[in-house]
Amino acid sequence: QVQLAESGGGSVQAGGSLTLSCGGLIYRTYCMAWFLHAPGQERDWVAASDRDGDATYARFVKERDETTYRMKVRFTISKDISKFALNLKMRSLKSEDTAVYFCATDPDWTAGCPTFPEGYRYWGLGTQVTVSS
């Protein structure tokens, strides 16, 4: 059953930025996540946000700052409950980021959010992100 809807996808040059949004069954206390599905590949986890808004990210969105040696993320997941929205702000996009991006949620999870598709009951239909070199 479709309970969510993504928007904000499109075409962008490598190194550019894009922000995706997800609306529908958005609750502060629910685990919510973004996944991607590239052609010929499995659906991969991107990021999750728990009941407190604490975020977790897949390895591929992380990078180490060459100056500070601290880890940073290229993508940022956030909830805007007042707007019933889950967002994914993407920067430093790479061609390998090209995929259909899905948002997902499950009322049974509030913390320790799953990093696998089977952990989520409700999904959107996806939005295409295309990054060209």
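See the structure printed just above.
Parameters and conventions
- Residues numbered from 1 in each chain as written.
- Predicted model: local features only at pLDDT ≥ 70, side-chain atom pairs only at ≥ 80, totals over all residues.
- Heavy atoms only, no water.
- Buried < 20%, exposed > 50% of the residue type's maximum accessible area, 1.4 Å probe, protein only.
- Helix = DSSP H or I, 4+ residues; strand = E, 2+ residues; numbered from the N terminus.
- Pairing = 2+ DSSP bridges.
- Phe/Tyr/Trp six-rings, centres within 6.5 Å; stacked < 30°, edge-to-face > 60°.
- Contact = heavy atoms within 4.5 Å.
- Salt bridge = Lys/Arg side-chain N within 4 Å of Asp/Glu carboxyl O.
- Core = buried A, V, L, I, M, F, W, Y, C linked by side-chain atoms within 4.5 Å.

Participant: So what about the pairing of strand 13 (residues 127-132)? Which residues, and what values?
Facilitator: If a strand is regular, its side chains alternate between the two faces of the sheet. A one-sided burial pattern is seen for strand 13, the buried positions being Thr127, Val129 and Val131 and the unburied ones Gln128, Thr130 and Ser132. Two strands pair when backbone bridges link them, and strand 2 (residues 10-13) and strand 13 are joined in this way by four bridges, in the parallel orientation. Bridge pairing links Gly10 to Val129 in strand 13. Sheet analysis places strand 11 (residues 99-106) next to strand 13, joined by three bridges and oriented antiparallel. By the bridge assignment for strand 13, Val100 is matched with Gln128.

Participant: Got a sec to walk through the packing of aromatic side chains? Specific residues and values, please.
Facilitator: In the structure shown here, the tally under the stated rule is five aromatic pairs. Both rings, one in Phe35 and one in Tyr120, keep their centres 5.6 Å apart while their planes meet at 75°; by these two values the pair is edge-to-face. You can see Phe35 sitting in strand 4 (residues 31-37) and its partner Tyr120 sitting in the loop between strand 11 and strand 12 (122-123), a full 85 residues away along the chain. A relative accessible area of 5% places Tyr120 in the buried class. Taking the centre distance of 6.4 Å and the plane angle of 75° together, the rings of Phe102 and Trp123 count as edge-to-face.

Participant: Outline the environment of Ser95, listing residues and values.
Facilitator: Along the chain, Ser95 turns up in the loop between strand 10 (85-90) and strand 11. In sequence terms Ser95 and Met32 are 63 residues apart; their C-alpha atoms lie 25 Å from each other. Ignoring any residue separated from it by four or fewer positions in sequence, one finds Ser95 in contact with Val131 and Ser133.

Participant: Provide a residue-level description of the pattern of salt bridges, including the pertinent values.
Facilitator: Two side chains that carry opposite charge are able to pair once their charged atoms sit near each other. Taken as a whole and judged by the stated rule, the model has six salt bridges. Two residues, Lys72 and Asp65, come together in a salt bridge whose shortest N-O distance is 3.5 Å. Asp106 is the partner of Arg121 in a salt bridge, and the nearest nitrogen-oxygen pair spans 3.9 Å. Separated by 15 residues along the polypeptide, Arg121 in the loop between strand 11 and strand 12 and Asp106 in strand 11 bring together distant segments of the chain. Owing to a relative accessible area of 6%, Asp106 belongs among the buried residues under this scheme.

Participant: Describe in detail the nonpolar core, supporting the description with residues and values.
Facilitator: One finds Trp34, Val46, Leu88, Met90 and Tyr101 to be the most contacted residues of the largest nonpolar core, which totals 26 residues. Broken down by secondary-structure element, the contributors of at least two residues to this core are strand 3 (18-24), strand 4, strand 5 (43-49), strand 9 (75-80), strand 10, strand 11 and strand 13. The contact partners of Tyr101, leaving out residues within four places of it in the chain, are Glu6, Leu20, Trp34, Phe35, Leu36, Val46, Phe75, Leu88, Met90, Gly126, Thr127 and Val129. Formed by 11 residues, the second largest nonpolar core is a distinct cluster that contains Cys31, Ala48, Ala58 and Trp123.

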